[in-house]
Amino acid sequence: MAARGSALRRSVAPWMGLCSCLGLLVGVLVEHAARLVGATGNSPMAVGVLAAAMCGFGLMLASRVREERWPWLGLAGAALSSAPLLLFLASMLMF
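None of the values given here were measured: they were computed from a predicted structure. (Residues numbered from 1 in each chain as written. Predicted model: local features only at pLDDT ≥ 70, side-chain atom pairs only at ≥ 80, totals over all residues. Heavy atoms only, no water.)

A. Representation of a nonpolar patch on the surface. On the surface, a nonpolar cluster with roughly 420 Å² of combined accessible area is contributed by M54, F57, L61 and V65. Structurally, M54 is set in helix α4 (residues 43–65). Judged by relative accessible area, which is 56%, M54 ranks as exposed. (Patch = residues over 30% accessible without salt bridge, like charges linked within 9 Å, V, L, I, M, F, W, Y side chains within 5 Å. Areas by Shrake-Rupley, 256 points an atom, 1.4 Å probe, with all protein chains shown as cover. Salt bridge = Lys/Arg side-chain N within 4 Å of Asp/Glu carboxyl O. Helix = DSSP H or I, 4+ residues; strand = E, 2+ residues; numbered from the N terminus. Buried < 20%, exposed > 50% of the residue type's maximum accessible area, 1.4 Å probe, protein only.)

B. Broad picture of the packing of α4 against helix α5 (residues 71–94). Running from amino to carboxyl end, α4 crosses α5 at an angle of 165°, the nearest separation of the two axes being 8 Å. The orientation of α4 relative to α5 falls into the category roughly antiparallel. The handedness of the crossing between α4 and α5 comes out as left-handed. On α5, the residues touching M45, A46, V49, L50, A52, A53, G56, F57, M60, S63 and R64 of α4 are P71, G74, L75, A78, S81, S82, P84, L85 and F88. Grouping the constituent residues of the contact of α4 with α5 by class yields 14 nonpolar, 5 polar and 1 charged. (Axes fitted to C-alpha atoms, helices over the stretch in contact; angles between N-to-C directions. Parallel < 35°, antiparallel > 145°, perpendicular 65-115°, else oblique. Left-handed = near helix turned anticlockwise from the far one by under 90°. Contact = heavy atoms within 4.5 Å. Nonpolar A, V, L, I, M, F, W, Y, C, P; charged D, E, K, R; others polar.)

C. Structural view of the packing of helix α3 (residues 23–37) against α4. Interaxial distance between α3 and α4 falls to 7 Å at its minimum, and their mutual angle equals 150°. Overall, the two elements α3 and α4 adopt an arrangement that is roughly antiparallel. The handedness of the crossing between α3 and α4 comes out as right-handed. Between α3, through G23, L24, V26, G27, V30, E31, A34 and R35, and α4, the contact on the second element is made entirely by P44, M45, V47, G48, A51, A52, C55 and G56. Class assignment for the residues of the contact of α3 with α4 results in 10 nonpolar, 4 polar and 2 charged.

D. Inspection of α3 at higher detail. Its 15 residues give α3 an end-to-end C-alpha distance of 21 Å, which sits within 8% of 21 Å, the value for a rise of 1.5 Å per residue. Turning to α3, its buried residues number three or more, namely G23, G27, E31 and A34. One face of α3 carries all of its buried residues, which in axial projection span an arc of 80°. Exposed residues pointing more than 90 degrees away from the buried face of α3 are listed as L29 and L36. The elements touched by buried residues of α3 are α2 (15–19), α4 and α5. Following α3 by one or two positions, G38 adopts a phi angle in the positive range, close to 120°. (Expected span 1.5 Å × (residues − 1). Arc of directions from axis to C-beta.)

Read these as spatial facts, not as claims about activity.
Take a look at the structure:
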């Protein structure tokens, strides 16, 4: 019986996995909102890249919990959303 239920769960459409790629958009929106509030310097960018990474990771985790059809889609979206954080940290170390 459990095998039949898990087969039904695997047919779930990968909506959360697709949405994990939207972490970049969320990061940009958070950065612009921080600049509108009046933050200066690198702090809006830091908040934006953290928001992008956390959004991508959270949606990837949600896709794994839902046992969506293509788990690689959520993983790729989380990696794409966390790329700005990696670049931001690398630029802090280099310059």
